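# A structural walkthrough
Here is how the chains run, residue by residue.
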Amino acid sequence: MSPSTASPDRHPHRRPSPRPRPRLAEALVPGTARPVVVGEYPYYRADPANWASNLRELRRLGVDVVSCYLPWRFHEVDGEDGGRTFDFTGRTDPQRDVVGLLELAARAGLGVLLKPGPFIHAEVQLGGLPDRLCGPAHTPYRGLDGTVLTSQGKPLPSLLDPAVQAETETWLKAVADEVVAKAAAPDGPVVALQLGNEGTSGDAHLPVDAQDASPAAREAFARWLTGRGLPDEAAQAHTDVSRWSSALRLHWSPWSGHAIVGLWDRISALFPAGPARLANVPLTGVDAPGAALDAWAARQRAIRGSGHLIGHTEWVGNPARDTAAFGSHLAGILLGGTDAVEANWGFTWTDPAFAQPATPVFNALLALVLGSSTISVYTACATSNWGALVEMDPDGLRSEGVDPALHAPPYSPGAPLAESGRHQANAEGLRLLAAFLERHGDLLLASTPDRDAVVLLDRALPEAGAWQRSGRTALAELADAVQEQLAGTGRLIGLGWLDEHPGPAAAEGPEVPVAVLRAGDPDGSVGSGERELVLPAGKPADGAVTAFVAAFAAALPAPDRPRWTTAHGRARVLSRSAPGGIRITGAFNPTDGEDRVTGTGGGWTLDLPPGSAAVTVTRDGTLLGWLATPEPPSTSPVALTWGGEEADALRVRAS
């Protein structure tokens, strides 16, 4: 069966605005006029004697909402009758008193985002699951390719296995009844619940053939197919993937998203109304193995249609120092339309730069200028007190090629706040962002991105591309082409889904030129028009998308708003506009060389050292304020000249 080639209207100009998604900031802090700061506090790694002072200090540093994973294995205890029960009040260990923690958060003026899993990762042994779930008594999470998903060398269970679901429901109901029901918004501090983690078990960015294909998962897939009037395909669902038809593979691609969303729905239904429901989905590397970016994209139909708030995690490198990581952030946030819910503020496993404020501030500003309504600080506090139930098995880590020394205390060594109450280097970055949001956050939240054009993507392309194992996919080429245009010409080519964008009469916002990437017959040839490219689904793009986007961009009309130039082509510049002549401009240098950005007519210049960023706020061309990433003493500073004069007097600094 060929991918669908049915198409909506083909207007060369229209206002491509997808259905608006709820903003996470509003759900976390109802009525907020600015982006919200979310800081992770792993209480199960902190001495309870420090909880109150830590939370108060995080509030003073600018955190609005604390997020907390709840490790199942840590709260499960033996009952008096020999059975299993749970401790959420500290009766067996004061560190288990999460009910008391919530009261302390409320007193500190903090909302709480609770994340009960059941799988949480969080560098906790087995992702927080009890040992028994990761043994031979339960069905493992095994992909179509035969790969078993593991944690510390042990197999993780399929969360679609009925026996596993029964156990997870017992845990989640206990959290719902004993923790959330007593503290749920609007009367309590628990403003939101996270469903699962990075999918269900860290799987929302896996290659499509690594998705759970255990017997229970295949049975669920077969039911899904039957419900869509596909009994013949359903009959094939239990066979080896090598015998699957191309049509069945193409159904599995979107199903992999529906499987994840179905588990989110099961989790959500166990909890009381009140707290918002949030799911987090990892950003994915543009060139991640196994066409993982296409697999991520293939799941987006179900994820974006789930009705839950969707955020992203940012573990795809350092965009302040790596253009490939910058491109992964750019493409993922443009296409996913998500808010930041987990960003590195102090883990130095792969890059010591995360312990210095320039890097996390760069990444936070990038997410904000791309449209995030939140800043994530993971973790906000470096903690050093945990026991054997949380500690990861060193032999298990070694079996997966991980040095256990990387996970020695403190957890997140570069976090803004030490558990002792001492401010660390990244505290400057957190205070700086809090000061900027206090002054200009309302303008940022009210703004919309300035796009020069939009490319709309046919979902059939990544659904087929997810199975591609040679050459580059159309989506990977598109992601790179968007960054190339931003760096080379200063034009932002927005990304969207072909089926989500309404026609001109129903849309809002300024008209921009639109191009379409459409899936054609897998055995067909490339067909190209001025603003439409038809590609054989599942076949290497072989440069066709790169050439198409370059030609499309070259034919765009001259911009009707102030522009900029870069001296060396290293900086990437993005802008946003709001009513009243407001313009927010973000300049980012993700390279190892300096660059200078110059405004149209030379009215302003911005000197950007390597790995730095700056954001300016103007009204009708008049500078209202600006901020830049903090500079180590040994490097050149970010410098802004406006109207021929240094603009230091209007620079926002950490309070």
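Residues numbered from 1 in each chain as written. Predicted model: local features only at pLDDT ≥ 70, side-chain atom pairs only at ≥ 80, totals over all residues. Heavy atoms only, no water.

## Some words on the overall build of the protein chain
- Looking only at helices and strands, the protein chain features 17 helices and 30 strands.
- Here the C-alpha radius of gyration of the protein chain, 25 Å, is about what a compact globule of 655 residues would show, namely 26 Å.
- The principal-axis extent of the C-alpha atoms belonging to the protein chain is close to 80 × 65 × 45 Å.
- Classification of the 655 residues of the protein chain by burial places 60% in the buried group.
- Contacts spanning at least 24 positions in sequence make up 76% of the contacts within the protein chain whose residues lie at least 6 apart.
- In the structure as shown, the protein chain presents an accessible area of about 23,900 Å², 51% of it carried by carbon and sulfur atoms.
- Computed over 55 positive and 74 negative side-chain charges, the inter-centroid distance for the protein chain is 3 Å. (Helix = DSSP H or I, 4+ residues; strand = E, 2+ residues; numbered from the N terminus. Rg over C-alpha atoms; globule rule 2.2 N^0.38 Å. Buried < 20%, exposed > 50% of the residue type's maximum accessible area, 1.4 Å probe, protein only. Contact = heavy atoms within 4.5 Å. Areas by Shrake-Rupley, 256 points an atom, 1.4 Å probe, with all protein chains shown as cover. Lys, Arg positive; Asp, Glu negative; His and termini not counted. Charge placed at Lys NZ, Arg CZ, Asp CG, Glu CD.)

## Focus: the pairing of strand β13 (residues 374-377)
- In β13, alternate side chains face the same way, and those of Thr374 and Ser376 on one face and Ile375 and Val377 on the other are all buried.
- Strand direction decides the pairing type here: strand β2 (residues 36-40) and β13, joined by four bridges, are parallel. Bridged to valine 36 within β13 is threonine 374. (Pairing = 2+ DSSP bridges.)

## A word on the pattern of salt bridges
- Inspection of the entire model under this criterion finds 26 salt bridges.
- Close ionic contact of arginine 84 with glutamate 76 constitutes a salt bridge, the shortest N to O distance being 4.0 Å.
- We note a salt bridge from aspartate 287 to arginine 472, for which the minimum N-O separation is 2.8 Å. In this pair, aspartate 287 is assigned in the loop between β10 (276-282) and α9 (292-298) and arginine 472 in the loop between α15 (460-465) and α16 (474-489), connecting sequence segments 185 residues apart.
- One continuous salt-bridge network, built from bridges that share partners, spans Arg301, Arg304, Arg459, Glu463, Asp499 and Glu500. (Salt bridge = Lys/Arg side-chain N within 4 Å of Asp/Glu carboxyl O.)

## Examining helix α2 (residues 48-61)
- Counted at 1.5 Å a residue, the expected span for α2 with its 14 residues is 20 Å, and the 20 Å between its end C-alpha atoms agrees.
- Of all the positions in α2, only Trp51, Asn54, Leu55, Glu57, Leu58 and Leu61 are classed as buried.
- Looking at the buried side of α2, the elements it contacts are β3 (65-69), α4 (98-107), β14 (381-382), β15 (417-418) and α14 (426-445).
- At the N-terminal end of α2, a side-chain oxygen is found 2.9 Å from the backbone nitrogen of alanine 49, two or three residues along, and the residue is aspartate 47.
- Backbone geometry just after α2 places glycine 62 at a positive phi near 120°. (Expected span 1.5 Å × (residues − 1). Polar contact = N/O pair within 3.5 Å; in protein donor to acceptor, adjacent residues only side chain to side chain.)

## Re the environment of arginine 472
- Given a relative accessible area of 29%, arginine 472 falls into the partly exposed group.
- Sequence separation between arginine 472 and proline 540 is 68 residues; the distance between their C-alpha atoms is 5.3 Å.
- Each residue touching arginine 472, except ones within four places of it in the same chain, is listed here: Val286, Asp287, Glu477, Asp480, Pro540 and Ala541.
- Here the side chain of arginine 472 touches aspartate 287 through a polar contact of 2.8 Å, side chain to side chain.

## What about the nonpolar core?
- In this structure, Leu114 and Leu478 are the most contacted members of the largest nonpolar core, which totals 149 residues.
- Among the elements that make up this core, the one with the highest residue count is α14 (nine residues).
- Ignoring sequence-local partners within four residues, the contact set of leucine 114 consists of Cys68, Leu70, Leu102, Val179, Val180, Val190, Ala192, Leu193 and Gln194.
- Judged by nonpolar contacts, the second largest core, of 20 residues, contains Leu144, Ala220, Phe221 and Ala466. (Core = buried A, V, L, I, M, F, W, Y, C linked by side-chain atoms within 4.5 Å.)

## Some words on the packing of aromatic side chains
- For the structure shown, the criterion picks out 22 aromatic pairs.
- Between phenylalanine 88 and tryptophan 171, the ring centres sit 5.8 Å apart and the planes meet at 40°, which makes this aromatic pair tilted. Placement of the pair is phenylalanine 88 in the loop between β5 (84-86) and α4 and tryptophan 171 in helix α5 (residues 162-180), with a sequence separation of 83 residues. For the pair shown, phenylalanine 88 and tryptophan 171 are each scored as buried. (Phe/Tyr/Trp six-rings, centres within 6.5 Å; stacked < 30°, edge-to-face > 60°.)

## Brief notes about the sheet that holds strand β28 (residues 622-628)
- Pairing is antiparallel in the open sheet, where five strands are placed in the order β16-β23-β24-β27-β28. Because the sheet does not close on itself, it has two edges, and the strands there are β16 (448-449) and β28.
- When β16 meets strand β23 (residues 572-578), the two strands line up antiparallel, connected through two bridges. Bridging from a neighbouring strand, proline 449 pairs with arginine 576 of β23.
- Docked against the sheet, helix α12 (residues 358-369) engages β23, β24 (582-588), β27 (613-619) and β28, running at close to 140° with respect to β24. (Axes fitted to C-alpha atoms, helices over the stretch in contact; angles between N-to-C directions.)

## Considerations on the pairing of strand β9 (residues 190-194)
- Counting buried residues along β9, five of its five residues qualify, which places the element largely inside the surrounding structure.
- Taken together, the three bridges between strand β6 (residues 111-115) and β9 define a ladder with parallel strand orientation. Within β9, the residue paired with leucine 114 across the bridge is leucine 193.
- Bridge count for β9 against β10 is three bridges, and the pairing is parallel. Following the sheet pairing, alanine 192 is matched in β10 by alanine 276.

## Points about the sheet that holds β9
- Read across the open sheet, the eight strands follow the order β12-β11-β10-β9-β6-β3-β2-β13; overall the sheet is parallel. Where the open sheet ends on each side, the last strands, each with one partner, are β12 (339-342) and β13. For this sheet the average axis-to-axis angle between neighbouring strands, irrespective of direction, equals 35°.
- Inspection of the sheet shows strand β11 (residues 309-313) paired to β12 by three bridges, in the parallel sense.

## Describing unusual backbone geometry
- In this chain, tyrosine 378 is followed by threonine 379 through a cis amide linkage whose omega measures -5°.
- Secondary-structure assignment places threonine 379 in the loop between β13 and β14.
- Note the cis peptide between proline 409 and proline 410, where omega equals 0°.
- Considering the arrangement of structural elements, one finds proline 410 in the loop between α13 (394-399) and β15.
- In this model, alanine 122 sits at a positive phi of 55°, which is unusual for a non-glycine residue.

## Quick word on the packing of helix α11 (residues 323-336) against α16
- Between α11 and α16, whose axes approach to 9 Å, the crossing angle comes to 105°. Between α11 and α16, the interaxial angle falls into the category roughly perpendicular. Contacts between α11 and α16 involve Thr323, Phe326, Gly327, Leu330, Ala331, Leu334 and Leu335 from the former and Leu475, Ala479, Val482, Gln483 and Leu486 from the latter.
- Classifying every residue of the contact of α11 with α16 by side-chain character gives nine nonpolar, three polar and no charged. (Parallel < 35°, antiparallel > 145°, perpendicular 65-115°, else oblique. Nonpolar A, V, L, I, M, F, W, Y, C, P; charged D, E, K, R; others polar.)

## Focus: the confidence of the model for the protein chain
- Residues at a pLDDT of 70 or more form 95% of the protein chain, whose mean pLDDT is 93.
- Below a pLDDT of 50 lies the segment residues 1-19, which in the model reaches 63 contacts outside its immediate sequence neighbourhood of four places, other chains included.
- Here residues 503-509 scores under 50 on pLDDT; set against residues more than four positions off or in separate chains, the count is nine contacts. (pLDDT = per-residue confidence, 0-100.)

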